[in-house]
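# A closer look at the structure
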Amino acid sequence: MLRFLKNKIFLIFAFALFLRLYGITHGFPFIYHVDEPALVRSAYNIRFDPNPHHFDWPHLYFYLNFLLYAVVYVLRVVVNTLGIRLLVEGSFPLLYKDPLIFYFLSRILSAFIGALTLIPLYMAVKELFNKNTALLAAFALAVFPHHVHASHFALIDVPATFFLTWVLYFSTKIYKTFDKKYFVLASLFSGFAASTKYNGGLAFLSVILAFIFYLFKIKDFSGYFIRKNLALPIVSIVFLVVGFFIGTPYALLDFKTFVRTDSPKGAFWQFKNVGKVTIEEYLPQLYNAVTNKYLFDFGVTYTFLFFVFVIYSLARFKDFNNLLFSIPGVIIFLYISTFDKNRIHYYMVSYPFICAGVAIAYFKAERHIQSLRLDKRLILITKSLFFLLVFALPFYLAIDRSVVLARKDSRNVAYEWLLKNMKPGQPIYYQGQDMEQPLLDLPVKPKKLKSDLEINKVPVGALVIITENKVLEDENQYLKNKVRLNLIFFESGVGTQGPFVYVFEVT
């Protein structure tokens, strides 16, 4: 046991899990992410109907979350049977707070799965390279800023990436051993990835490439080997489909709804929803993605090293160990960058390939440094500075993401202030949706302002809540000199997950 605890991959996993659990209750008792309720409600409702009746997201992760919720139901029965509810509720009150307990559990599951993704990535890189490169790839994912951030939410991108990374590992085993069981496992997990999020099905690229690269490796193009193993691609496709239907059985049982394109009830609506850019729009969008939009989420050094790795692997095209990591990552990145709705979390299925590429490129650069005829101390200093150059910024950003989530949301601070300071029966008006959830929990029902001009109709003595993503230069910019807004509370959105919150009193 002690030997296992000293294992470097365990230490990296423990650190990754800590980063993803720190701040896991962000926003409580309110849920501010618009997509979290879709997952939690869908998983919870399986208790009443196993068919979620919508296919905008596939269903595997719904079922996994429901199994976790079932543990809560059983635990509550045991606690009530033993007559210790008051004791348990006193020490762990969240257990009886519906639906908050389910958001908490789903976030814990997401954080654990996010950290656990390091294991198949480590195994995949170790299979084709070495232990040190594998450890560095795992560390790169452990501190991948956006992966750390996303692992704090009850969403489907992190678990889809987890299944995809297992496909990557099984594909390395296909390339090395051509064992048929790895075809089955890789294809099955490709189905699980697609059954968690549709673009997770891109994992199957690794299976195809492993098969092709093995044929090149053995240099048997007589056709005999291909004819002998012709059943393998067919079997792989079958298990891909089987894996998908295991996770989303109602795609088959409720096929008419599954193929709908007119609403979120259908799976094909999702493909229609993300859209496609034109050829003329694609290159500027791709350039923007690479040079600007995602550098903060990928990290400048990660992006640079991965593209160096891609160029290097293409230059040495016969080194299939490199290509098995570079080509799927590039294809996935290029494909997702064609989406009209080009959001950062869509790219998450490329993260394992990016981290592997970063680790491989790092050690090739380090070997070059080692080959320089320099003093040993100078080489050590150079290597240390290179490590900091590559990983210091992602490390800082990863910690910052967790710390920001751990801080009290500006909307929660404003809500608590309103509870203590608003006058009985004082009317409240607000703009936008940022503060809507906590405001609806106040004793007085708030009224939503549909436009800036409606502020002029607000009665004297009322409170007006305005949320912005920046500091207001002019507090009265919304008015036409009919009323005056007196600022009585302000909470900065700097360093928190929430926006800037202004509370004005109309005078």
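Before reading further, recall that the structure is shown in the block above.
Keep in mind it's a predicted model, so treat the numbers as computed, not measured. (Residues numbered from 1 in each chain as written. Predicted model: local features only at pLDDT ≥ 70, side-chain atom pairs only at ≥ 80, totals over all residues. Heavy atoms only, no water.)

## Brief notes about a nonpolar patch on the surface
- Together, Val-74, Val-78, Leu-82, Ile-84 and Leu-87 make up a nonpolar patch on the protein surface, roughly 460 Å² of accessible area in all.
- Ranked by the residues each element gives to the nonpolar patch, the list is headed by helix α4 (residues 60-82), at three residues.
- Along the chain, Val-74 turns up in helix α4. (Patch = residues over 30% accessible without salt bridge, like charges linked within 9 Å, V, L, I, M, F, W, Y side chains within 5 Å. Areas by Shrake-Rupley, 256 points an atom, 1.4 Å probe, with all protein chains shown as cover. Salt bridge = Lys/Arg side-chain N within 4 Å of Asp/Glu carboxyl O. Helix = DSSP H or I, 4+ residues; strand = E, 2+ residues; numbered from the N terminus.)

## As for the side chain of His-147
- For His-147, the location among the structural elements is in helix α9 (residues 145-150).
- Judged by relative accessible area, His-147 falls into the buried class, the value being 0%.
- Separated by 2.9 Å, the side chains of His-147 and Arg-20 make a polar contact.
- What His-147 contacts, discounting residues up to four positions off in sequence, is Arg-20, Gly-114, Leu-141, Val-158, Met-348 and Tyr-351. (Buried < 20%, exposed > 50% of the residue type's maximum accessible area, 1.4 Å probe, protein only. Polar contact = N/O pair within 3.5 Å; in protein donor to acceptor, adjacent residues only side chain to side chain. Contact = heavy atoms within 4.5 Å.)

## Quick look at helix α22 (residues 351-371)
- In this model, α22 (21 residues) spans 30 Å end to end at C-alpha, consistent with the 30 Å of a helix rising 1.5 Å per residue.
- Among the 21 residues that make up α22, 15 are buried, leaving the element largely enclosed by the rest of the structure. (Expected span 1.5 Å × (residues − 1).)

## Considerations on the side chain of Arg-20
- Tracing the chain through its elements places Arg-20 in helix α2 (residues 8-21).
- For Arg-20, a relative accessible area of 0% corresponds to the buried category.
- Side-chain polar atoms of Arg-20 contact the backbone oxygen of Ala-16, separated by 3.0 Å.
- Residue contacts for Arg-20: discarding those within four places in its chain leaves Ala-111, Gly-114, Ala-115, Leu-141, Ala-142, His-147, Val-148, Ser-151 and His-152.

## Some remarks on the nonpolar core
- Grouped together as the largest cluster of nonpolar side chains are 142 residues, with contacts concentrated most on Phe-325, Tyr-351 and Phe-391.
- Counting residues per element, this core draws most heavily on α22, at twelve residues.
- Residues in contact with Tyr-351, not counting those within four places in the same chain, are Leu-141, Phe-144, His-146, His-147, Phe-298 and Ile-344.
- In this structure, Tyr-32, Ile-428, Val-444 and Phe-489 belong to the second largest nonpolar core, which totals 17 residues. (Core = buried A, V, L, I, M, F, W, Y, C linked by side-chain atoms within 4.5 Å.)

## As for the packing of aromatic side chains
- Going through the model one piece at a time under the given rule, you end up with 56 aromatic pairs.
- Here the aromatic rings of Phe-30 and Tyr-32 are separated by 6.3 Å at their centres, their planes lie at 45°, and the arrangement is tilted. As far as the burial class goes, Phe-30 and Tyr-32 line up, both buried.
- With 5.8 Å between their ring centres and 75° between their planes, Phe-339 and Tyr-346 make a pair best called edge-to-face. (Phe/Tyr/Trp six-rings, centres within 6.5 Å; stacked < 30°, edge-to-face > 60°.)

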